[in-house]
Amino acid sequence: MLPALRSSRRSFVHSSRILYKAGTWGPGKPNIDTELVHACIEPEEKTGAILTPLYQSTTFVQESVEKYLEKGYSYSRTNNPTVKVLEDKVAKIEGGVGAVVTGTGMAATTIVMSTFLKTGDHCVITDCSYGGTNRLARVQFMKYGIDFSFVDFRNPKAVKEACIPGKTKLIFSETPTNPTLCLVDLEKIQKIAEEVGAIHCCDTTFATPYMVKPQDYGVDLTMQSLTKFYDGHNIGTGGAVVAKTQEQMDQIKLCQNMHGNIMAPQVAFNILQTMKTMHLRVRRQSESATTIAQWLDKHPKVTSVCYPGTKHPQKELADKYHANGIHGGMLHFELEGGAPAGIKLMNAIERPWSLCENLGACESIITACAVMTHANMEAADRLKVGITDGFIRVSCGIEDVEDLIKSLERALEKV
Ligand code: PLP
């Protein structure tokens, strides 16, 4: 071997040993921008690989019967090393004691309802949520003899009044709501949950932990569809439940293991990489959403625009709860001429926009909620919360904002 090469290899070995040492961060807690990249990730011991390895293995060989589980792993439905790193990282970023990750966001919600509700119990849930959450409550859990009250969470008094002492075991909130962007006063709802002895779970998929961490306000459980801003690239689906206490964590983990509601290691590996840029994407998406909301607001064919960073009936709550001075990549608007005009625009929109479901990705997306994401709600319930047939939901991507506005302008000319 050439001497130069030999010495460079020596220095790698030397420096990698230093890197592996715990506590190389020094004093102080790193900012979330740093944590999104580095939290819970160590260079792999044998090779120094900077990325967490993908352990694509169903089972883990035990040294002996006596030493069963000595290395922590046995079967991937229960625990997988790649998935475990993602769970630890999500828990750390969201501020909980632990987390489980699942195959989809709906699987995460199913775990929450299955763990904390049984026949005869009652749940107070937001009357405006992702359509699938609403359907899960009505179609799946109601048939097990569990009662649900669908309540406007903008009014904490209504939430309190809906609670039934001794029966209400779960309060399920969402902030901002999909798609109407209603906000929740997390501290007030958590206080109500504590008073009635219920678990409070908040779905902050639209906000991301870069904007809102419910556990900073004492909320029991955080639920995330990782399919959205965590993945951020339209690559894969995933979900997470983050727990505030070890007791809740153990209950959730047991339910997950029994249901087999897990995430595949390959998906966990992908999200471990994509979430490292969440702060950059969410910042850019928020800036674009602000610019687009302001532009739409001045357009003569637009009758209403809703964005928590500009005009919003709960602006005070947005400013209280949304960190980092941003308000997310989601907005919605309606056009003069109602539903036919909205549908015309959604049919006319061209690139860089895409007409489809999903949100929080690099690609800018326009969604017709009444026929796509919220088609599984009862039509009357949808209209009650303002999701008309012409309701246009926008998820801003990371493209150039001027290109996005030019395309919107062309589509509006055709309406
Ligand atoms: N929660 C919210 C706020 C959502 O927007 C969605 C999906 O759009 C879900 C939960 C369900 O997530 P998934 O599609 O990953 O099952």
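Residues numbered from 1 in each chain as written. Predicted model: local features only at pLDDT ≥ 70, side-chain atom pairs only at ≥ 80, totals over all residues.

Enquirer: Account for unusual backbone geometry, with residues named and values stated.
Expert: Residues threonine 175 and proline 176 are joined by a peptide bond in cis, for which omega reads -20°. One can find proline 176 in the loop between strand E4 (168-174) and helix H7 (186-196). Backbone geometry places threonine 208, a non-glycine residue, at a positive phi of 70°. On the basis of neighbour counts, which here come to 28 C-beta atoms within 10 Å, the residue threonine 208 falls in the buried class. (Helix = DSSP H or I, 4+ residues; strand = E, 2+ residues; numbered from the N terminus. Buried ≥ 20, exposed ≤ 12 C-beta atoms within 10 Å, placed from the backbone.)

Enquirer: Describe in detail the nonpolar core, supporting the description with residues and values.
Expert: In terms of nonpolar packing, the biggest core is built from 107 residues, with Val101, Leu170, Val241 and Leu331 touching the most fellow members. The contacts of valine 241, once residues within four sequence positions are left out, are Ala99, Val100, Ala108, Ile111, Val112, Leu221, Met223 and Ile252. (Core = buried A, V, L, I, M, F, W, Y, C linked by C-beta atoms within 7 Å. Contact = placed C-beta atoms within 7 Å.)

Enquirer: Please set out the site of the ligand residue by residue, giving values where relevant.
Expert: Thr104, Gly105, Tyr130, Ser225 and Thr227 are the nearest of the 16 residues found near the ligand. Elements with a minimum of two residues in the shell around the ligand: helix H4 (105-116) and helix H5 (131-141). Among the residues making up the shell around the ligand, the classes are represented as 3 nonpolar, 11 polar and 2 charged. (Near = placed C-beta within 6 Å. Nonpolar A, V, L, I, M, F, W, Y, C, P; charged D, E, K, R; others polar.)

Enquirer: Account for the sheet that holds strand E10 (residues 354-355), with residues named and values stated.
Expert: One open sheet holds the 5 strands; their spatial order is E8-E9-E12-E11-E10, and the pairing between them is mixed. Of all strands in the sheet, those with a lone pairing partner are strand E8 (302-306) and E10, marking the two edges. As judged from the 4 bridges shared by strand E9 (residues 330-335) and strand E12 (residues 392-395), these two strands associate in the antiparallel manner. Counterpart to leucine 331 in the pairing with E12 is valine 394. Taken strand by strand, helix H12 (residues 338-348) contacts E9, E10, strand E11 (365-368) and E12, and its axis lies near 125° from that of E9. (Pairing = 2+ DSSP bridges. Axes fitted to C-alpha atoms, helices over the stretch in contact; angles between N-to-C directions.)

Enquirer: Break down the packing of helix H3 (residues 81-94) against helix H9 (residues 265-274) for me, with residues and values.
Expert: Packing of H3 against H9 brings their axes to within 8 Å, and their N-to-C directions diverge by 45°. Put simply, H3 runs oblique to H9. Here H3 runs over H9; the crossing is left-handed. The residues of H9 that touch H3, namely those facing Thr82, Val83, Val85, Leu86 and Lys89, are Pro265, Ala268, Phe269, Ile271 and Leu272. (Parallel < 35°, antiparallel > 145°, perpendicular 65-115°, else oblique. Left-handed = near helix turned anticlockwise from the far one by under 90°.)

Enquirer: Residues and numbers for the packing of helix H10 (residues 278-298) against helix H14 (residues 401-413), please.
Expert: The N-to-C vectors of H10 and H14 enclose an angle of 30°; their axes lie 10 Å apart at closest approach. Note on packing geometry: the crossing formed by H10 with H14 is right-handed. In this structure, H10 contributes Ser288, Thr291, Ile292 and Trp295 to the contact, and H14 contributes Val401, Leu404 and Ile405. Looking at the contact of H10 with H14 residue by residue, the class counts come to 5 nonpolar, 2 polar and no charged.

Enquirer: Tell me about the environment of cysteine 306, and name the residues and values.
Expert: Mapping cysteine 306 onto the fold places it in strand E8. The buried category is assigned to cysteine 306, around which 23 C-beta atoms lie within 10 Å. Each C-alpha atom of the pair cysteine 306 and phenylalanine 333 lies 6.2 Å from the other, and the pair is 27 residues apart in sequence.

Enquirer: Report on the sheet that holds strand E1 (residues 98-102), specifying residues and quantitative values.
Expert: The strand order across the open sheet built from 7 strands is E1-E7-E6-E5-E4-E2-E3, with neighbouring strands paired in mixed fashion. At either end of the open sheet lies a strand with only one pairing partner, and these are E1 and strand E3 (147-151). In this sheet, neighbouring strand axes are inclined to one another by 20° on average, regardless of whether the strands run parallel or antiparallel. In this structure, strand E5 (residues 199-203) lies alongside strand E6 (residues 221-225), joined through 3 bridges in parallel fashion. Note that in E6 the partner of cysteine 201 across the bridge is leucine 221.

Enquirer: Before we move on, can you summarise the pairing of E4 with the specific residues and values?
Expert: The side chains of a regular strand alternate, residue by residue, between the two faces of the sheet. For E4, the tally of buried residues reaches 7 of 7 residues, placing the bulk of the element in the interior. With 5 bridges connecting them, E4 and E5 associate as parallel partners. When the sheet's bridge partners are listed, glutamate 174 is paired in E5 with aspartate 203.

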